[in-house]
Amino acid sequence: MSGKPGKTIQAGRMIVVDPTRGLSGDMLLACLFALGAKPVEVAKEVGRLPGLEPFRIVFGRVKRHSIAAHRARVVCKTDAKQRDLESIQRMIRRSKLDRRVKKLAAAAFDLLGEVEGAIHGVPAKKVHFHEVGAVDSIVDIVGAVVALSQLGFPPLYHRPFRLGSGTVSTSHGDLPVPAPATLAILEGCTVRLTADAGEIVTPTGAALIKTLAEEISSNAEIVPIRTVYAVGTRDEAHNPGMLRLVEAEQRPVEKDIFVLRTTIDDMNPE
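Caption draft 1: Focus on helix 2 (residues 39–46). Every buried residue of helix 2 is listed here: P39, V42, A43 and V46. The buried residues of helix 2 occupy an angular sector of 100° when the element is viewed end-on, so they sit on one face.

Caption draft 2: Spotlight on the pattern of salt bridges. Summed over the entire model, instances satisfying the criterion amount to 10 salt bridges. Across the pair R244 and D18 runs a salt bridge whose closest N-O atoms are separated by 2.7 Å. Placement of the pair is R244 in strand 13 (residues 242–250) and D18 in strand 1 (residues 13–18), with a sequence separation of 226 residues. Since its relative accessible area comes to 31%, R244 is described here as partly exposed. Using a relative accessible area of 4% as the deciding quantity, one classes D18 as buried. A salt bridge links R48 to E45; the shortest N-O distance between them is 3.2 Å. Linked through salt bridges whose partners overlap, the residues forming this network are R13, R226, E247 and E249.

Caption draft 3: Seen up close, a nonpolar patch on the surface. A cluster of nonpolar side chains, L183, V191 and L193, forms an exposed patch at the surface whose accessible area comes to about 260 Å². Topologically, L183 is positioned in helix 6 (residues 180–185). The exposure class assigned to L183 is partly exposed, which follows from its relative accessible area of 40%.

Caption draft 4: Summary view of the nonpolar core. Formed by 70 residues in total, the largest nonpolar core has its most connected members in F109 and L245. With 10 residues, helix 5 (residues 135–150) is the single largest residue contributor to this core. Counting 5 residues, the second largest nonpolar core, distinct from the first, contains M14, I216, V246 and A248.

Caption draft 5: Structural view of the packing of aromatic side chains. This model, assessed by the stated rule, comprises 1 aromatic pair. For the pair F33 and F59, a centre-to-centre distance of 5.2 Å together with 70° between the ring planes defines the contact as edge-to-face. Of the two residues, F33 is situated in helix 1 (residues 25–34) and F59 in strand 2 (residues 56–64); the sequence distance between them amounts to 26 residues. No difference in accessibility class separates F33 from F59, as the two residues are buried.

Caption draft 6: How the structure looks around the packing of helix 4 (residues 99–120) against helix 5. Remark: helix 4 packs on helix 5, axes separated minimally by 9 Å, with the N-to-C direction vectors making an angle of 145°. Classified by chirality, the crossing of helix 5 by helix 4 is right-handed. The residues of helix 5 that touch helix 4, namely those facing V101, L104, A105, A108, F109 and L112, are I138, I141, V142, V145, V146 and S149. The residue inventory of the contact of helix 4 with helix 5, partitioned by class, reads 11 nonpolar, 1 polar and no charged.

Caption draft 7: Seen up close, the pairing of strand 1. In terms of residue burial, strand 1 counts as a mostly covered element, since 6 of its 6 residues are buried. Here strand 1 shows two buried faces, one formed by R13, I15 and V17 and the other by M14, V16 and D18. Sheet topology places strand 1 next to strand 13; 6 bridges connect them, and they run antiparallel. Residue pairing across strands places V16 opposite V246, the latter belonging to strand 13. Across 3 bridges, the pairing between strand 1 and strand 6 (residues 156–158) is parallel. By the bridge assignment for strand 6, I15 is matched with L156.

Caption draft 8: Fine view of the confidence of the model for the chain. Residues with a pLDDT of 70 or more make up 85% of the chain, whose mean pLDDT is 87. Between residues 1–5, whose pLDDT stays under 50, and residues either more than four places distant or in other chains, the model counts 13 contacts.

Caption draft 9: Quick look at helix 3 (residues 85–94). Among all positions in helix 3, only L85, S87, I88, Q89, M91 and I92 are buried. Where helix 3 is buried, its residues contact strand 4 (83–84), helix 4, strand 5 (128–129) and helix 5.

Criteria and thresholds
The numbers attached to residues start from 1 for each chain and follow its sequence in the written order. Totals for whole chains, interfaces and linings use every residue, but because this is a predicted model, local features are given only for residues with pLDDT of at least 70 and side-chain atom pairs only at 80 or more, for both listing and counting. As a rule here, side-chain values cover all heavy atoms of the structure and leave hydrogens and water aside. To sort residues, take the accessible area from a 1.4 Å probe on protein chains only and compare it with the maximum for the residue type: under 20% means buried, over 50% means exposed, and anything in between is partly exposed. Strands here mean DSSP runs of E at least two residues long; helices mean DSSP runs of H or I at least four residues long; both are numbered from the N terminus. Arc definition: directions from the helix axis to the C-beta atoms. The term salt bridge refers to a side-chain nitrogen of Lys or Arg lying within 4 Å of a carboxyl oxygen of Asp or Glu. A patch consists of residues whose relative accessible area exceeds 30% and which take part in no salt bridge; residues with like charges are grouped when within 9 Å of each other, and nonpolar side chains (Val, Leu, Ile, Met, Phe, Trp, Tyr) when within 5 Å. For the area figures, the Shrake-Rupley method with a 1.4 Å probe applies, and any residue is considered shielded solely by the protein chains shown. As used in this record, nonpolar core signifies buried Ala, Val, Leu, Ile, Met, Phe, Trp, Tyr and Cys residues forming a set joined through side-chain atoms within 4.5 Å. Aromatic contacts are taken between Phe, Tyr and Trp rings whose centres are within 6.5 Å, Trp giving its six-membered ring; a plane angle under 30 degrees counts as stacked, one over 60 as edge-to-face, and the others as tilted. Every axis in this analysis is a line fitted to C-alpha atoms, fitted for helices over the stretch in contact. Angles between the N-to-C directions lie between 0 and 180 degrees. The handedness criterion is simple: a crossing whose near helix is rotated anticlockwise from the far helix by less than a right angle is left-handed, and one whose near helix is rotated clockwise is right-handed. Working rule for contacts: check all heavy atoms of both residues, and any pair within 4.5 Å makes them a contact. Classes in brief: Ala, Val, Leu, Ile, Met, Phe, Trp, Tyr, Cys and Pro nonpolar; Asp, Glu, Lys and Arg charged; the others, Gly included, polar. Pairs of strands are assigned from DSSP output, requiring at least two bridges between the strands. The pLDDT value expresses, per residue, how confident the predictor is, ranging between 0 and 100.

Shown next, in the form of structure tokens:
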């Protein structure tokens, strides 16, 4: 694991998530590392989940389409167990993680379980996760919340989501893009359906942002302070698979001040 010493986001600042070119759990984790969260400490905290297989986080810089970006990979040498929602929630409850971290991580998994259960017609607690139940997805979700806590839990906002087309290969076979779980999670959010081939937003990424962030107003005025980029496994000419996070300050709202004066000649001044 690697990474420079972290720092909290200054008071009064926010993080704006721009998912228009990609959003996944590992991308979000890499961006939070780039903003100052410590990979070594995040891995140590996530490792407190009872029963989780040994893993390590590899964090570094890469160049994608001439842009310097960051990448985080979870490496696990043992075969991961397949877990249902109930067992993952039990791991979180029994861990010694911070109370707020446990609450938000559990909420993200609850959201995934609810939509998967509705899609497959089974109770949420009995939803059997495949990709999401693997070690890397558990580390991505819990690790992102831990990383956000290291930054001081700054307000998190997101821009509208851009969704691709085509199909994606899963444990349930080939599914349409956007994946059914992704589309269900993003109900109530602003999305743009495009002809871009491939999965731009993953269910894990969607669940994290839906749990942790609010949609920013389309006419919001912010002052960007710092911008970081992260990439995942995709590297295609038409879609580089890249997430952007912007540390920013809200632009102060200027208010007009009105002064009302009047003159009364024939009445008591009181």
